[in-house]
Amino acid sequence: MTVVDIDTQYGPARAHLRPADEAVGSLILGHGAGGGVAARDLVAATEAALSERFTVALVEQPTESPDAAARRRRGSSMRRGSRSSSTWRGLAWWGNR
């Protein structure tokens, strides 16, 4: 497994790459709040994807800095969900370069 740090506008995300032999596609998976990339459901999904020759990127999203959290609490941050969506777009771009 290769681990890659990817810069996003919200800080570094970490991708744990599991390459498939003769890959036919790729799959980006992430965890929910308080979870991790070693969660049972992600491990099962990864194994299933690898068996079908999909390369898998297990992603740890960036953590929120104290400054960003304070801005969000004051309401100056983007609407709910945008942070996560922006991070995923950046990761998808990185994987296609």
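Refer to the structure printed above.
Rules used throughout
Residues numbered from 1 in each chain as written. Predicted model: local features only at pLDDT ≥ 70, side-chain atom pairs only at ≥ 80, totals over all residues. Heavy atoms only, no water. Helix = DSSP H or I, 4+ residues; strand = E, 2+ residues; numbered from the N terminus. Buried < 20%, exposed > 50% of the residue type's maximum accessible area, 1.4 Å probe, protein only. Contact = heavy atoms within 4.5 Å. Areas by Shrake-Rupley, 256 points an atom, 1.4 Å probe, with all protein chains shown as cover. Expected span 1.5 Å × (residues − 1). Arc of directions from axis to C-beta. Core = buried A, V, L, I, M, F, W, Y, C linked by side-chain atoms within 4.5 Å.

Caption draft 1: Broad picture of the overall build of the chain. A count of helical and extended segments in the chain gives 3 helices and 4 strands. Going from N to C terminus, the chain has its helices and strands arranged as β-β-β-α-β-α-α. Here the chain holds 97 residues, and 27% of them are scored as buried. Restricting to contacts in the chain with at least 6 residues of sequence separation, those with at least 24 account for 65%. Of the roughly 6700 Å² that the chain leaves accessible, carbon and sulfur atoms contribute 50%.

Caption draft 2: Helix 1 (residues 40-51), seen in detail. For helix 1, with 12 residues, the first-to-last C-alpha span of 17 Å sits near the 16 Å given by 1.5 Å per residue. Every buried residue of helix 1 is accounted for by L42, T46, A49 and L50. All buried residues of helix 1 fall inside an arc of 95 degrees around its axis, so they share one side. Across from the buried face of helix 1, at angles greater than 90 degrees, the exposed residues are R40, D41 and S51. Those residues of helix 1 that are buried lie in contact with strand 2 (11-18), strand 3 (25-30) and strand 4 (54-60). Within two residues after helix 1, R53 carries a phi angle of roughly 70 degrees, on the positive side.

Caption draft 3: Here's a closer look at the nonpolar core. With 8 residues, the main nonpolar core is built from A20, L29, V37, L42, A49, L50, V56 and L58. Among the elements of the structure, helix 1 and strand 4 are those that each provide at least two residues to this core. Of the residues forming this core, the biggest block, 3 residues, is contributed by helix 1. Sequence-distant contacts of L42, defined by excluding residues within four places in its chain, comprise L29, G30, H31, G36, V37 and L58. Counting 7 residues, the second-largest nonpolar core is a separate cluster that includes V4, I6, A15 and L17.

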